[in-house]
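Examination of the molecular architecture
These are the residues of each chain, in order.
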Amino acid sequence: MALSLMLMKYIQVYLFKKTDKSILIDIKKNILQVRSRIKEASLKSARNKNKITLLAVSKKKTVEEIEKAYNLGIENFGENYCQEAVMKINNLRNKNIKWHFIGKIQSNKTKDISKYFDWVHTIDRIKVANRLDSFRPKNKKPLNVCIQINQSLESHKAGVSESDALELANQLLDLPNIRLRGLMIIPPKAGNLKIHFSELKSLQDKFNKNGIPIDTLSMGMSSDFEQAIEEGSTIVRIGTSIFGERK
Ligand SMILES: *Cc1c(COP(=O)(O)O)cnc(C)c1O
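Here is what the cut-offs are and how they apply
Residues numbered from 1 in each chain as written. Predicted model: local features only at pLDDT ≥ 70, side-chain atom pairs only at ≥ 80, totals over all residues. Heavy atoms only, no water. Helix = DSSP H or I, 4+ residues; strand = E, 2+ residues; numbered from the N terminus. Buried < 20%, exposed > 50% of the residue type's maximum accessible area, 1.4 Å probe, protein only. Areas by Shrake-Rupley, 256 points an atom, 1.4 Å probe, with all protein chains shown as cover. Axes fitted to C-alpha atoms, helices over the stretch in contact; angles between N-to-C directions. Parallel < 35°, antiparallel > 145°, perpendicular 65-115°, else oblique. Left-handed = near helix turned anticlockwise from the far one by under 90°. Contact = heavy atoms within 4.5 Å. Nonpolar A, V, L, I, M, F, W, Y, C, P; charged D, E, K, R; others polar. 1 Å grid on protein atoms, 1.4 Å probe; cavity = no way out; pocket = protein on both sides within 12 Å on 5 of 7 lines; lining within 4 Å. Points joined across faces, edges and corners; volume = space filled by probe spheres on them. Expected span 1.5 Å × (residues − 1). Arc of directions from axis to C-beta.

Turning our attention to the overall build of the chain. When its secondary structure is counted, the chain shows 10 helices and 8 strands. Among the 247 residues that make up the chain, the fraction classed as buried is 46%. Summing over all exposed atoms, the chain offers an accessible surface of approximately 13700 Å²; the carbon and sulfur share of this is 53%.

What follows is the structure in structure tokens.
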């Protein structure tokens, strides 16, 4: 008897050690923490926290982890890889989730992206937008999109220059199945982020002055979302601070 108990204890300890670390991440605690940081940052900048959407970035995370976050009130999820995302979206199709594509868009994935997603944050050429427009299922609302801006013109980075953005925006306005909502950036890892975020805000103001009404600034990630909120972000894209490190 005692021996079998000992054996069970041993098996438990062994299994526990073997357990994937990711399930030890407390998603609930993390979400509460992120929400309270969003609240604090919006108070600090006299903004309405309800105008800020928490987009949980679930790339490389499992359906179970997404479900957990969903059951804690998260409704918007961001994915970077089309194939991986389609599998998850199919699995969770009975849930009221809004899916955001935030990765690099390959032309041959535009059909699936347009079919499965509600938002695309990373538009940077008209060719891709045309394809998303033509593939959008007729029974769905127009696809919400943001133009990705490359502020520092780092050549390895996706995004259009600020000076080309207005022209691209005008072309998007002609597409019936696309709804231009705003602008998105991934700022450089180092340097003065405030400048990058406020520059995107200025570009939004410029769009609105030029008769292109946009209501969305997709900026701010785990390491910098408070600053982004203080500069006017309306969607923060948060992965690590909710789900833990990615493999
Ligand atoms: C992965 C990713 C995020 C989330 O990054 P974290 O630092 O984990 O919060 C946000 N935006 C984009 C475009 C991403 O690719």
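Picking up after the structure, the text goes on.
Moving on: the packing of helix 7 (residues 162-172) against helix 8 (residues 193-209). Axis separation between helix 7 and helix 8 bottoms out at 11 Å; the angle between their running directions is 40°. Considering their axes alone, helix 7 and helix 8 lie oblique with respect to each other. For the pair helix 7 and helix 8, the sense of crossing is right-handed. Contacts between helix 7 and helix 8 involve E162, A165, L166 and A169 from the former and E199, L203, K206 and F207 from the latter. In the contact of helix 7 with helix 8, the residues fall into 5 nonpolar, no polar and 3 charged.

With that settled, consider empty space enclosed by the protein. Applying the stated criterion to the full structure yields 1 cavity of 30 Å³ or more. Estimates place the volume of the largest cavity at around 80 Å³. As for the largest cavity, its lining consists of 13 residues, of which I149, N150, Q151, K157 and I186 are closest to the centre. The class makeup of the residues in the lining of the largest cavity is 6 nonpolar, 5 polar and 2 charged.

On to helix 2 (residues 27-44), then. For helix 2, spanning 18 residues, the distance from its first C-alpha to its last is 26 Å, which sits close to the expected 26 Å at 1.5 Å a residue. Among the residues of helix 2, I27, N30, I31, V34, I38, A41 and S42 are the ones counted as buried. Axial view of helix 2: buried residues confined to an arc of 100°, hence all on one face. In helix 2, the exposed residues that point more than 90 degrees away from the buried face are L32, E40, L43 and K44. Each element contacted by the buried residues of helix 2 is listed here: strand 1 (53-57), helix 3 (63-71), helix 9 (225-230), strand 8 (235-238) and helix 10 (240-243). Of the residues one or two after helix 2, A46 is the one with positive phi, at around 50°.

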